[in-house]
Amino acid sequence: MTQPCIITVAITGSVPKKEDNPAVPVTVAEQIESTHEAFEAGAAIVHVHVRDEAQRPSSDPAKFEAFQDGVRKHCPGMIVQFSTGGRGRASDERGGMLHLRPDMASLATGSVNFPNMIYENHPELVDDLAQRMLDYGIKPEVEVFDLAMLYTAHQMAEAGMIRKPVHVQFVFGLKNALPPRREILEFEVAQLKALMPDATWTAAGIGRSQLEMNRWTLEMGGHCRTGLEDNIRFDKSRLAASNAELVARVAGLCAEYGRHPATPDEARRILSMAGQTAVA
Ligand code: MG
């Protein structure tokens, strides 16, 4: 039996627009359809940002709810992960949809510079989002954009602010944050294992580093993220045709590394998560 690899598909993000790649799903209907295709290609987790009519990042809980309902209906067992990033600084803007109890939500545990902005996560905001996730039984995916965020996540887990076992995503390739260097990933994974031996991890490479990061991660025993959120606007020479194409690329690579794409049930077991919340 090969080792499962949980494939996360980040379908839309807060930055890429239709003008960058017409394949980016923007409306909720497009997002559900794109997620369904990615699910059939082997994705077990969908990471979602929603957009308004002008394609700007939206905090509208109704859009998150419609998306989640659609995915639960069409993609049985798939893990729904809401992004708490990509918009604003206020807790209600960032976490005002968490009462919808998605399976998971992203949680950046510190601040970092992005290409054209500060990704600002005040300690009070981090604590507030973590508390909401505890209250609603949502498993955080800790987003490590810079090294300090890993240690903050450990402190929060020790303090009971993040339930164990912790799941972490290491992010690379964003200008002004960590460059996609394998030594950094190896160091981060070693620190994670030393601090939190039961933690699970995935890695995301933004732009040109996406595929390289997938390969390193498959080799090192982690889980993979792909999708149009990370792929486009950075590499216009090779625009992906769909989220499903990017998921199929990772699914196809798995066998080279003695891995196979995790089913949603396998993913839930690996992440120590309960089964899917019953559809009302
Ligand atoms: Mg995101």
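Scroll up for the structure.
As a convention, each chain's residues are numbered from 1 in the sequence order in which they are written. With pLDDT at 70 or above as the cut-off, local features in this predicted model cover only qualifying residues; side-chain atom pairs require 80 or more to be listed or tallied, and sums for whole chains, interfaces and linings still use all residues. Side-chain metrics rest on all non-hydrogen atoms present in the structure, leaving aside hydrogens and water.

Caption draft 1: Unusual backbone geometry, seen in detail. With an omega of -5°, the peptide bond running from lysine 164 to proline 165 counts as cis. A positive phi angle is found at arginine 101, which is not glycine, with a value near 55°. Since its relative accessible area comes to 41%, arginine 101 is described here as partly exposed. For serine 272, which is not glycine, the phi dihedral falls at a positive 55°. Three exposure classes are used, based on accessible area relative to the maximum for each residue type with a 1.4 Å probe and protein chains only: buried under 20%, partly exposed in between, and exposed over 50%.

Caption draft 2: Looking closely at the environment of glutamine 55. Structurally, the position occupied by glutamine 55 is in the loop between β4 (50-51) and β5 (57-58). The class for glutamine 55 is buried, based on a relative accessible area of 13%. The contact rule is simple, with two residues in contact once any of their heavy atoms fall within 4.5 Å. With residues near it in sequence (within four places) discarded, glutamine 55 still touches Lys17, Lys18, Glu19 and Val26. Between N or O atoms, a polar contact is any pair within 3.5 Å; within protein, one atom must be a potential hydrogen donor and the other a potential acceptor, and residues adjacent in sequence are included only when both atoms are from side chains. One polar contact links the side chain of glutamine 55 to the main-chain amide nitrogen of lysine 18, over a distance of 2.9 Å. Strands are runs of DSSP state E lasting at least two residues, helices are runs of H or I lasting at least four, and both sets are numbered from the N terminus onward.

Caption draft 3: Representation of the nonpolar core in the model. To define a nonpolar core, start from buried Ala, Val, Leu, Ile, Met, Phe, Trp, Tyr and Cys residues and group those joined through side-chain atoms within 4.5 Å. In terms of nonpolar packing, the biggest core is built from 70 residues, with Phe67, Phe145, Phe170 and Leu185 touching the most fellow members. Other than its neighbours up to four places away in sequence, phenylalanine 67 contacts Ile11, Val28, Gln31, Ile32, Thr35, Val46, Val48 and Val80. Formed by nine residues, the second largest nonpolar core is a distinct cluster that contains Ala44, Ile45, Ala267 and Leu271.

Caption draft 4: Here's a closer look at the packing of helix α7 (residues 210-220) against helix α9 (residues 243-254). Taken N-terminus to C-terminus, the directions of α7 and α9 make an angle of 30°; their axes are 10 Å apart at the nearest point. As α7 packs across α9, the resulting crossing turns out to be right-handed. Every residue of α9 that contacts α7 at Gln210, Leu211, Asn214, Arg215 and Leu218 is listed here: Leu246, Arg249, Val250, Leu253 and Cys254. The residue inventory of the contact of α7 with α9, partitioned by class, reads six nonpolar, two polar and two charged. Note on definitions: angles span 0 to 180 degrees between N-to-C directions of axes, and those axes are lines fitted to C-alpha atoms, for helices only across the stretch in contact. Take the far helix as your reference; a near helix turned counterclockwise from it by less than a right angle gives a left-handed crossing, and one turned clockwise gives a right-handed crossing. Residues are grouped as follows: Ala, Val, Leu, Ile, Met, Phe, Trp, Tyr, Cys and Pro are nonpolar; Asp, Glu, Lys and Arg are charged; all remaining types, including Gly, are polar.

Caption draft 5: Structural view of the pairing of strand β12 (residues 200-205). Counted residue by residue, β12 has six buried out of six residues, so it is predominantly covered. Taking every second residue as pointing to the same face, both faces of β12 are buried, with Thr200, Thr202 and Ala204 on one and Trp201, Ala203 and Gly205 on the other. Strand pairing is assigned whenever DSSP detects at least two bridges linking the two strands. In this sheet, β12 lies alongside strand β11 (residues 167-172) in parallel orientation, the contact comprising six bridges. In the sheet register, phenylalanine 170 faces β12, and the bridge partner there is alanine 203. Convention used here: a crossover is right-handed provided that the path from the first strand, over the helix, to the second strand proceeds clockwise when the strands point away from the viewer. Handedness of the crossover joining β11 and β12 through helix α6 (residues 182-195) is recorded here as right-handed. Of the pairings in the sheet, the one linking β12 to strand β13 (residues 223-226) comprises two bridges and is parallel in character. Pairing of alanine 203 across the sheet is with cysteine 224, part of β13. Taken together, β12, α7 and β13 constitute a β-α-β crossover, and its handedness is right-handed.

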